[in-house]
Amino acid sequence: MNTRPQRYSAKQALDLIQDANEMDSGDEELELDIEFDSASESDSEVETETATTTEFVSEREERANDGTVWVEQTAGNALGRAPSCNILREKAGPTRCAKENIVSPLSSLLCLIDILMWGQIVKYTVAEAHRNGAENWDLSVDELKAFVGLLYLRGITGGKSMNLEDFWSSDLGNPFFNETMSRQRFRDIMRYLRFDDKDTRATRLEKDKFAIISEIWSKFVSNSTACYTPGENITVDEQLFPTKARCRFTQYIATKPDKFGIKFWIAADVETKYMLNAFPYLGKDEARPVGERLADNVVMRLVEPFVGKGRNITSDNFFTSIALANNLHAKKTTLVGTMNKKRREVPPSAKAQNQERFSTTIWRAGHATLTVYQCKPKKNVCILSTMHKTVSIDTDAKKLPETIAHYNATKMGVDVLDQMARLYSVKGGSRRWPVAVFYNILDLAAINAHVLYTQCMNKTISRRRFILELAKELRANHMTAKAAPRRTVLAPLCSPETPNTPQRERSLKRKRCQVSRCGGNKTCDICDKCKRLVCGKCTKMQPKLCLEYY
């Protein structure tokens, strides 16, 4: 009589097989007549959408459109497990060179914008003034520093909300501006400000679209890289510096607060928001290898000085890819970033967005781990990581995976850096894009200098206070030079027959009027207050006082 075999679930059948294997070899052989219960077995099956592009290699494997084979993994036990693959081989913080040279806010800025850079700007600015007919116009490094100090002070006191005239106004202005230099002198420096040799510019522009200021920018970035050792986590992202100045690489990005600007690719330290490396986006790069994605090329260029030392790179879905993760892993650097679900290397089941809320599916392919987290009822997030071999899940209501928590903690490096730069930006109105780039250099330099100063001197000082002290130090030498006595001779105001009349100071040689409210008249007379050459057209009363002191 044939009896119906007993029905077992998959789990019960596996338990019976395990018990049979544990029996001694001398025991009677156990025959199992098992029929699987299809209803109970469905709990362990993998549900997927039927599609022509989906090919399943086995029950727990799935092949993406580009041929990547993903194997489903199980989650770990505890959130916050320290990954063993990242061991930082360097101590984070200022380098030895920076520690030896930084004793004040100004010295920290000079580590980033060195004296050679100041000298080059002065040289090219004076050459531009002479080219425009101001033959006697001159500029010193100390006066250029004082000019930059006024830019920094403008950033922390008013910024773009005030007109230039308001800073020298008796009602709204700050005495700091009037004491440092006149408004017209500030305008003249801004008018002639240049950063390259105009005689060779045309030749250099044929090979480099950024040639007008590329030399100053490159030196600033190299100095920033050499002065600081980043921590374990580095963020890579884009910055759009707002400007509507005409140039061949102005970008329009609708999602940014300011729609138009010059885009920079930036790598920043997550902990301190220190700008580590950066370069501008200038359009199609002919030097990029054929077949290499733009995003992969950008990341590899930015993190090149920091690879091979146990660091992790955090990026958004524009940059993250399997190819980039493998390239970084070959250089002993890990990657954590959001993954665009439209990429061909993503498993097809990760594109399904109708799973249970706060559920997590984990896939692994080679060194990469893909976490698919259903954060909203009809939206999931994909995180690619080569930092986590296994992914643990939190036990709270949201059941947050470890990779999501790590990405949220390290994704804001460049965004916060951009917000800090905008808060006290030196930016002003300008139609010349090299001046806009120079403003960005000063903004980033102030943030980096603040980080270097606080860590080298082991002091806690607000960034606003730091910028104020920096502005004072930048103009100190210029103020000392202004107060120094000049070579002058006394000339009688009237005829020699009236010896009791007052006398005024006169220069030994006739030079152009320095008040510049005239057409450039030549004179020997000197203002009794500011000690500048002043012609009769720019004076109001006796003894001679320039119109700014009347």
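Above: the structure in question.
### Brief notes about the overall build of the protein chain
Here's step 1: Helix and strand counts for the protein chain stand at 16 helices and 19 strands.
Here's step 2: Partitioning the contacts of the protein chain with sequence separation of at least 6, the portion at a separation of at least 24 is 59%.
Here's step 3: Summed over its atoms, the accessible surface of the protein chain is roughly 29,000 Å², and 49% of this surface lies on carbon and sulfur atoms.

### Here we look at the pairing of strand E10 (residues 260-269)
Here's step 1: For E10, the buried fraction is high: 9 of the 10 residues fall into the buried class.
Here's step 2: In this structure, strand E8 (residues 233-242) lies alongside E10, joined through 9 bridges in antiparallel fashion. Within E10, the position partnered with proline 242 by the bridge is glycine 261.
Here's step 3: With 3 bridges connecting them, strand E9 (residues 250-252) and E10 associate as antiparallel partners. Along E10, the bridge assignment pairs threonine 250 with isoleucine 262.
Here's step 4: In this sheet, strand E11 (residues 275-280) lies alongside E10 in antiparallel orientation, the contact comprising 5 bridges. Counted as the bridge partner of tryptophan 265 is phenylalanine 279 from E11.
Here's step 5: In textbook terms, the turn of a hairpin is the stretch between consecutive antiparallel strands, and for E10 and E11 this stretch comprises 5 residues, one of which, lysine 273, has a positive phi near 65 degrees.

### Let's talk about the packing of helix H5 (residues 115-131) against helix H10 (residues 214-227)
Here's step 1: Running from N to C, H5 and H10 point in directions that differ by 170 degrees, and their axes come no closer than 11 Å. Accordingly, the angle class assigned to the pair H5 and H10 is roughly antiparallel. Contact with H5, carried on its side by Met117, Gln120, Ile121 and Tyr124, involves Glu215, Ile216, Lys219, Phe220 and Asn223 of H10 and no other residues of that element.
Here's step 2: Across the contact of H5 with H10, the residue classes break down as 5 nonpolar, 2 polar and 2 charged.

### Re helix H8 (residues 183-192)
Here's step 1: Buried within H8 we find Arg185, Phe186, Asp188, Ile189, Met190 and Tyr192.
Here's step 2: Looking at the packing, one finds that the buried side of H8 touches H5, helix H6 (141-157) and helix H15 (433-456).

### Concerning helix H14 (residues 413-423)
Owing to its 3.6 residues per turn, the α-helix brings residues three or four apart onto one side.
Here's step 1: Within H14, burial applies to Gly413, Val414, Leu417, Asp418 and Ala421. Along the axis of H14, the buried positions cluster into a sector of 130 degrees, meaning they face one direction only. The exposed residues of H14 that point more than 90 degrees off its buried face are Gln419 and Leu423.
Here's step 2: Against the buried residues of H14 lie E8, E10, E11, helix H13 (402-410) and H15.

### Points about a positive patch on the surface
Here's step 1: Together, Lys509, Arg510, Lys511, Arg512 and Lys522 make up a positively charged patch on the protein surface.
Here's step 2: When residues of the positive patch are assigned to their parent elements, the largest contribution, 4 residues, is made by strand E18 (residues 503-512).
Here's step 3: As for its position among the elements, arginine 512 is in strand E18.
Here's step 4: Taking relative accessible area as the criterion, arginine 512 reaches 33% and is therefore assigned partly exposed.

### Quick word on the nonpolar core
Here's step 1: Counting 117 residues, the largest nonpolar core has Phe147, Tyr152 and Phe220 as the members making the most contacts within it.
Here's step 2: The biggest single contributor to this core is H15, with 16 residues.
Here's step 3: Among residues more than four places away in sequence, those in contact with phenylalanine 147 are Met181, Phe186, Ile189, Met190 and Leu193.

### Topic: unusual backbone geometry
Here's step 1: Although it is not a glycine, lysine 273 adopts a positive phi angle of roughly 65 degrees.
Here's step 2: You can see lysine 273 is positioned in the loop between E10 and E11.
Here's step 3: For lysine 273, a relative accessible area of 17% translates into the label buried.
Here's step 4: Residue lysine 332 is not a glycine yet carries a positive backbone phi of 60 degrees.
Here's step 5: Checked against the element boundaries, lysine 332 lands in the loop between helix H12 (322-330) and strand E13 (334-338).

### Here we look at the environment of methionine 162
Here's step 1: Turning to its location among the elements, methionine 162 is positioned in the loop between H6 and helix H7 (175-180).
Here's step 2: Judged by its relative accessible area of 23%, methionine 162 is partly exposed.
Here's step 3: Taking the C-alpha atoms as reference points, methionine 162 and glycine 173, separated by 11 residues in sequence, lie 9.7 Å from one another.
Here's step 4: If sequence neighbours within four positions are ignored, methionine 162 has contacts with Phe167 and Leu172.

### Describing the pattern of salt bridges
Here's step 1: Across all of its chains, the model carries 17 salt bridges by this definition.
Here's step 2: Here glutamate 179 makes a salt bridge to arginine 475, at a shortest N to O gap of 3.6 Å. Highlighted residues: glutamate 179 in helix H7 and arginine 475 in helix H16 (residues 463-483), separated in sequence by 296 residues.
Here's step 3: Residue class for glutamate 179 comes out partly exposed when judged on its relative accessible area of 40%.

Basis of the calculations
Residues numbered from 1 in each chain as written. Predicted model: local features only at pLDDT ≥ 70, side-chain atom pairs only at ≥ 80, totals over all residues. Heavy atoms only, no water. Helix = DSSP H or I, 4+ residues; strand = E, 2+ residues; numbered from the N terminus. Contact = heavy atoms within 4.5 Å. Areas by Shrake-Rupley, 256 points an atom, 1.4 Å probe, with all protein chains shown as cover. Buried < 20%, exposed > 50% of the residue type's maximum accessible area, 1.4 Å probe, protein only. Pairing = 2+ DSSP bridges. Axes fitted to C-alpha atoms, helices over the stretch in contact; angles between N-to-C directions. Parallel < 35°, antiparallel > 145°, perpendicular 65-115°, else oblique. Nonpolar A, V, L, I, M, F, W, Y, C, P; charged D, E, K, R; others polar. Arc of directions from axis to C-beta. Patch = residues over 30% accessible without salt bridge, like charges linked within 9 Å, V, L, I, M, F, W, Y side chains within 5 Å. Salt bridge = Lys/Arg side-chain N within 4 Å of Asp/Glu carboxyl O. Lys, Arg positive; Asp, Glu negative; His and termini not counted. Charge placed at Lys NZ, Arg CZ, Asp CG, Glu CD. Core = buried A, V, L, I, M, F, W, Y, C linked by side-chain atoms within 4.5 Å.

Treat this as a map of the structure, not an account of what it does.
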